[in-house]
Amino acid sequence: VTGCGVGMQPAFQTGGAVASSSSNTLHFVLANKSVEHNIKIKLGEVLYIGRGNRCVVSVDEQSVSTAHVELSVRSAGGGPAKGGGYVLQAKDNSQNGTGIIDDAAAGCDENSIRVLSKNDPEELKDGSALIVPLRKRGMHGVIRPEEQNLFVVAILSGGAPPGASASSP
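Residues numbered from 1 in each chain as written. Predicted model: local features only at pLDDT ≥ 70, side-chain atom pairs only at ≥ 80, totals over all residues. Heavy atoms only, no water.

Examining the pairing of strand β1 (residues 25-32)
In plain terms, the rule: Burial classes: relative accessible area under 20% of the type maximum marks a residue as buried, over 50% as exposed, and values in between as partly exposed (1.4 Å probe, protein chains only). Put simply, DSSP H or I for four residues or longer makes a helix, DSSP E for two residues or longer makes a strand, and each gets a number counted from the N terminus. A pair of strands is labelled paired if DSSP reports no fewer than 2 bridges between them.
Most of β1 is tucked away, with 8 of its 8 residues classed as buried. Of the two faces of β1, both are covered, the one formed by Thr25, His27, Val29 and Ala31 as well as the one formed by Leu26, Phe28, Leu30 and Asn32. Judged from the 8 bridges that link them, β1 and strand β2 (residues 35-42) form a sheet pairing that is antiparallel. Following the sheet pairing, Thr25 is matched in β2 by Lys42. In textbook terms, the turn of a hairpin is the stretch between consecutive antiparallel strands, and for β1 and β2 this stretch comprises 2 residues, one of which, Lys33, has a positive phi near 55°. One ladder, built from 5 bridges, connects β1 with strand β11 (residues 150-157); its direction is antiparallel. Paired with His27 across the bridge in β11 is Ser157.

As structure tokens, this is what we get:
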């Protein structure tokens, strides 16, 4: 990933979503610096990124909330039984915000970062990235690029085929 901070090259290559199985599970990786978090999430399950000890990805930083980002899955394109799959979603639960970059490979200047919704879960596509937290306590809220906790998303299996996610609620 270029332009997204120091040493944030994931060891995997992101690609298109792999055809899904009937296990109601989405398999993905969140890569942060040199650490890859290999995660499986089932339809109806909720996982968190945050400071709490029950989080699937723990971020030990004072500006990160206990359950900073909520991760969930929804069916897309009718689900696996109808040739669709699952869509990974994220929602911000924090006071300091969460940034989202739709295409981390294209870089992450300030124009490519937007604020993740606190109200409705948003789709996390293969190759997107989360910035946890978006703002820092003190320091006028500024986080220098080399201090960003950037998590790049790679969908490994169970994802919806391209185009299936846009047509399903």
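Some points on the confidence of the model for the chain
Definition in use: The predictor attaches a confidence to each residue, called pLDDT, with possible values from 0 through 100. In what follows, a contact means two residues having at least one pair of non-hydrogen atoms within 4.5 Å.
Per-residue pLDDT for the chain averages 79, and the proportion of residues at 70 or more is 72%. Mean pLDDT across the elements of the chain ranges from a minimum in β11, with 91, to a maximum in strand β3 (residues 47-50), with 97. Every residue in residues 5-22 is under pLDDT 50, and counting partners more than four places away or in other chains gives 41 contacts. A low-confidence stretch, residues 165-169 (pLDDT under 50), is modelled with 12 contacts involving residues beyond four sequence positions or located in other chains.

Overview of unusual backbone geometry
Here the bond from Val132 into Pro133 is cis, since omega is -10°, no more than 30 degrees from zero. In the Ramachandran plot, Lys33 falls in the positive-phi region, its phi being about 55° despite a non-glycine side chain. Within the secondary structure layout, Lys33 lies in the loop between β1 and β2.

Quick word on the environment of Leu71
Inspection of the secondary structure puts Leu71 in strand β5 (residues 69-76). Along the primary structure Leu71 and Val46 are separated by 25 residues, whereas in three dimensions their C-alpha atoms are 5.7 Å apart. Discounting residues that sit within four places of it in the chain, Leu71 has contacts with Phe28, Leu30, Ile41, Glu45, Val46, Leu47, Ile49, Gln89, Ala90 and Leu124.

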